[in-house]
Amino acid sequence: MERQLPKVLILSRGVWDDSKGTSSTLTNLFEDYDPDKLAHVYIETISPNTKCCHRFFQISEFSLIHKIYKWKTKTGHAFDTQGQTQAVTNDKIAEQEASTLQYVRGHRSIWLSFAREILWAFNGWKSKELKQFVLDFNPDVIWMDSSPLPLMNRLYNYVLKIAKKPAVIFMQDDVYTYESCSPKISHKLYKWLLRKHVKKVVQQSDAMFVISPKMKKEYDSIFGVNSILVTKGIDIDRIPPVSHVTHKPIRLVYLGQVIYGRIYSLLSIAETLEKINAEDIKIQLFVYTNNYINEEEKKKLLVKDSVFLMPPVPYPEVPRVMNENDVVVFVESFEPQFCNVARLSFSTKICDYLASGKCILAIGPSNIAPIEYFKEEDAAVVATSKDEIMDAIQRLSNTDVVKKYVNQARECVLRNHDRKRMNEVVYGKLEALANK
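Reference entry: report on the structure contained in this document. (Residues numbered from 1 in each chain as written. Predicted model: local features only at pLDDT ≥ 70, side-chain atom pairs only at ≥ 80, totals over all residues. Heavy atoms only, no water.)

### With respect to unusual backbone geometry
Quick note on the threshold: Secondary structure is summarised from DSSP: a helix means a run of H or I of at least four residues, a strand means a run of E of at least two, and numbering begins at the N terminus for each.
A cis amide bond, omega 0 degrees, links Lys-248 with the succeeding residue Pro-249. With respect to the element layout, Pro-249 can be found in the loop between strand S8 (228–229) and strand S9 (250–255). Its identity as a non-glycine residue notwithstanding, Asn-123 has a phi of 65 degrees, on the positive side.

This is the structure in C-alpha cells:
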C-alpha cells in the first residue's frame, strides 16, 4: 500500500536554500517528500531557493524594530514560490538585516543576544498573518529544528498552541545542558532562559529526533524520552569508487568554518606540517573557509609550501574539491572556552566527508560527539590531543592506512547513514504521529 505522507509544517531559523550547506540536512531529509505537503516558517528576510517546498511564511526581524514606533508595520507575510504569491523581499532591509546579524554572530556578544530577545519580547511577530498561515495550511505534524535562541523556541511554543497538532523536535546542537556554554554568569543566565523555553517545547513534542549517539544517551536521560537517531542520509550508490593517495605531496583539505576555536586546531596542523616538511614537502593542507582570519592567525597558518588558504567555494562545489584531494580534515577546538561547544553536535560535514570516498583525518577532544563517533566506528585517523597530531598526520604517508580508512568510512555509511533507510525512519515516524 502506498504511503500517505502527512502535511508537515517546518519551523526553523534560516531560509531554505538547497545550494547552501546550512540547509543541506533539511534538503536531504525532504527532497523525496511531496513539496505540496510541506510549508516552512523562518525568520530571515531572504527569499528561499528550494525545490522541496513551495509555501512559506517569512518573519522580518528588522520589521520588529519598525513596529515599535509604527505599530501597523507588518512583521511577516506568506508567499508561494510557484507563482501564486511571490516573496516580498525589501532588498535594502534584507541587506541591513544580514549585515547586522553577521556582526552579531561575528562578535558573539551575549549582550547583543539579550537585546535581540528583548526585541522579540514585544511580541510584534505574533501577527494575524502568521496565525492565518498556520490555520490555512492546517498541518498534520509540526517539525521544529532545535534552536539555541530563546526567541525561536518562543515562536515554536506559539505555533504549537495555534496548530494543536502532534509535533517532533529535531535536536542538532546542545541547546539544554550548561556544559556547552561559557562559564561566564551572563552566558549561564542566557542558557537558563533558553532552557526554560526548550523544556516547554520538548514537553509539548510527541517525538524527538537527535543528531548523535552521545546526544541520544544524554537527552534520553534528561528528558525521559526514547529519541530517534537521525543524520543526513547518504546515497550509497553515489559514493565514489575506493580511492587511494595519488598526489605527491599528499593533499589534505579542510572545508568549513574556523570559528569556535577551530582555527587553533588548524594552526596546530600547520605547525606540525612545518616540521614534517622541513627538508622535503611531503604533505600539504588546503583550507577553504568563508570566515575571516586575522593577520596574526593568517601569518601562523600559511606555512610556506605547506598550507594554502583558498577562496571559499559554493556548497555544490564541495564534492569536486574533496575529490581533487587525498584526505579530508575535520577539526574541533582543544581550547577550554570552545571545546564543549560541539559536545553533542554532529556536523553535516561529517556525512559529506563519509560520502566522499576519501580518508578522513579527525582532530579534537575525545569527549565530544563527532570525535567519539569517529573513534567508536573506527572511520577516521583520529588525534584526540595536540600531542597526537604529529603521529596521526605521519600515518597518512602510509598508503595502506589511507586505504583502510577509506574502506572503514564506507562501512560506517552502510551501517548508519543509508539515505533510503533514514527516510523510512523519518517518514514512518511522521506518518505515525499524524495517525496518532
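### A few points about the packing of aromatic side chains
Cut-off, in case you're wondering: For this analysis, a ring pair means two rings from Phe, Tyr or Trp (six-membered ring only for Trp) whose centres lie within 6.5 Å, classed as stacked if their planes differ by under 30 degrees, edge-to-face if by over 60, and tilted for the remaining angles. The rule is simple: take the accessible area with a 1.4 Å probe, protein chains only, and divide by the maximum for that residue type; under 20% is buried, over 50% is exposed, in between is partly exposed. Counting as a charge over the ring demands two things of the Lys NZ or Arg CZ atom: a distance within 6 Å of the ring centre and an angle within 35 degrees of the ring normal.
Tallied over the full model, the rule gives 19 aromatic pairs. Considering the side-chain rings of Trp-16 and Phe-30, the 6.5 Å spacing of their centres and the 70 degrees angle between planes classify their relative orientation as edge-to-face. Taken together, the residues Trp-16 in the loop between strand S1 (8–11) and helix H1 (24–30) and Phe-30 in helix H1 connect sequence positions 14 residues apart. The exposure classification of Trp-16 matches that of Phe-30, with both residues buried. Lys-7 extends its terminal NZ or CZ atom over the ring of Phe-137, reaching a point 5.1 Å from the ring centre. The side chain of Arg-251 reaches across the aromatic face of Phe-286, ending 4.2 Å from its centre.

### Description of the sheet that holds strand S12 (residues 327–331)
Within a sheet, adjacent strands bond to each other through the backbone by hydrogen bonds, running parallel or antiparallel. Worth spelling out the cut-off: Here, any two strands with at least 2 DSSP bridges between them count as paired. For helices, the fitted line uses only the C-alpha atoms of the stretch in contact; every axis is such a line through C-alpha atoms, and the angle between N-to-C directions lies from 0 to 180 degrees. Contact definition: two residues touch when any of their heavy atoms are within 4.5 Å.
Reading across the sheet, the six strands line up as S11-S10-S9-S12-S13-S14 and stay open at both edges, with parallel pairing between neighbours. Sheet topology places strand S11 (307–310) and strand S14 (381–383) at the edges, where each strand pairs with a single neighbour. Neighbouring strand axes in the sheet, compared pairwise and without regard to direction, differ in orientation by 25 degrees on average. Where S9 and S12 come together, two bridges link them in parallel fashion. The residue bridging Val-253 from the neighbouring strand is Val-328, located in S12. Strand contacts of helix H9 (residues 262–276): S9, strand S10 (283–288), S11, S12 and strand S13 (359–363), with the helix running at about 155 degrees to S10, the strand carrying the most contacts. Relative to S13, helix H13 (residues 369–377) is tilted by about 135 degrees, and along the sheet it contacts S12, S13 and S14.

### Thoughts on the side chain of Ser-333
Convention followed: For this analysis, a polar contact is any N or O atom pair within 3.5 Å, provided that within protein one partner can donate a hydrogen and the other can accept it, and provided that sequence-adjacent residues contribute only side-chain to side-chain pairs.
Inspection of the secondary structure assignment puts Ser-333 in the loop between S12 and helix H12 (348–354). For Ser-333, a relative accessible area of 1% gives the class buried. A polar contact of 3.0 Å, which involves the side chain of Ser-333, links it to the backbone nitrogen of Glu-335. Ser-333 has contacts with Tyr-260, Gly-261, Arg-262, Ser-265, Phe-338, Cys-339 and Pro-365, leaving out every residue within four places of it along the chain.

### Here we look at a positive patch on the surface
Defined as follows: A residue counts toward a patch only above 30% relative accessible area and without a salt bridge, and it is joined to like-charged neighbours within 9 Å or, for Val, Leu, Ile, Met, Phe, Trp and Tyr, to nonpolar neighbours within 5 Å. For every accessible area listed, the method is Shrake-Rupley and the probe measures 1.4 Å; residues are considered covered only by the protein chains on display. Any carboxyl oxygen of Asp or Glu within 4 Å of a side-chain nitrogen of Lys or Arg constitutes a salt bridge here. When charges are counted, Lys and Arg are positive and Asp and Glu negative, with His and the chain ends excluded. Where a charge lies is defined by one atom per residue type: Lys uses NZ, Arg uses CZ, Asp uses CG and Glu uses CD.
On the surface, Lys-126, Lys-131, Lys-161, Lys-164, Lys-196 and Lys-200 cluster together into a patch of positive charge. In this fold, Lys-161 is placed in helix H6 (residues 150–163). Among the residues examined, Lys-161 registers a relative accessible area of 63% and is labelled exposed.

### Description of helix H5 (residues 128–137)
This is how it is decided: For this quantity, the arc is that covered by the directions from the helix axis to the C-beta atoms.
When H5 is considered as a whole, its buried residues turn out to be Leu-130, Phe-133, Val-134 and Phe-137. For H5, the angular spread of buried residues about the axis comes to 95 degrees, placing them on one side. Contact partners of the buried residues in H5: S1, strand S2 (38–42), strand S3 (55–59), strand S4 (76–80) and H6. Immediately beyond the C-terminal end of H5, within one or two residues, lies Asn-138, with a positive phi of roughly 50 degrees.

### Things to note about the sheet that holds strand S5 (residues 141–145)
With respect to topology, eight strands assemble into an open sheet ordered S4-S3-S2-S1-S5-S6-S7-S8, the strand pairing being mixed. If you trace the sheet from one side to the other, it starts and ends with S4 and S8, each paired once. Pairing of S1 with S2, which is carried by four bridges, proceeds in the parallel orientation. What sits directly across from Leu-11, in S2, is Val-41. Sitting on the sheet, H6 is in contact with S1, S2, S3, S5 and strand S6 (167–171), with an inclination near 180 degrees to S5. Its contacts with the sheet put helix H8 (residues 213–223) on S6, strand S7 (207–210) and S8, and the angle it makes with S7 is roughly 150 degrees.

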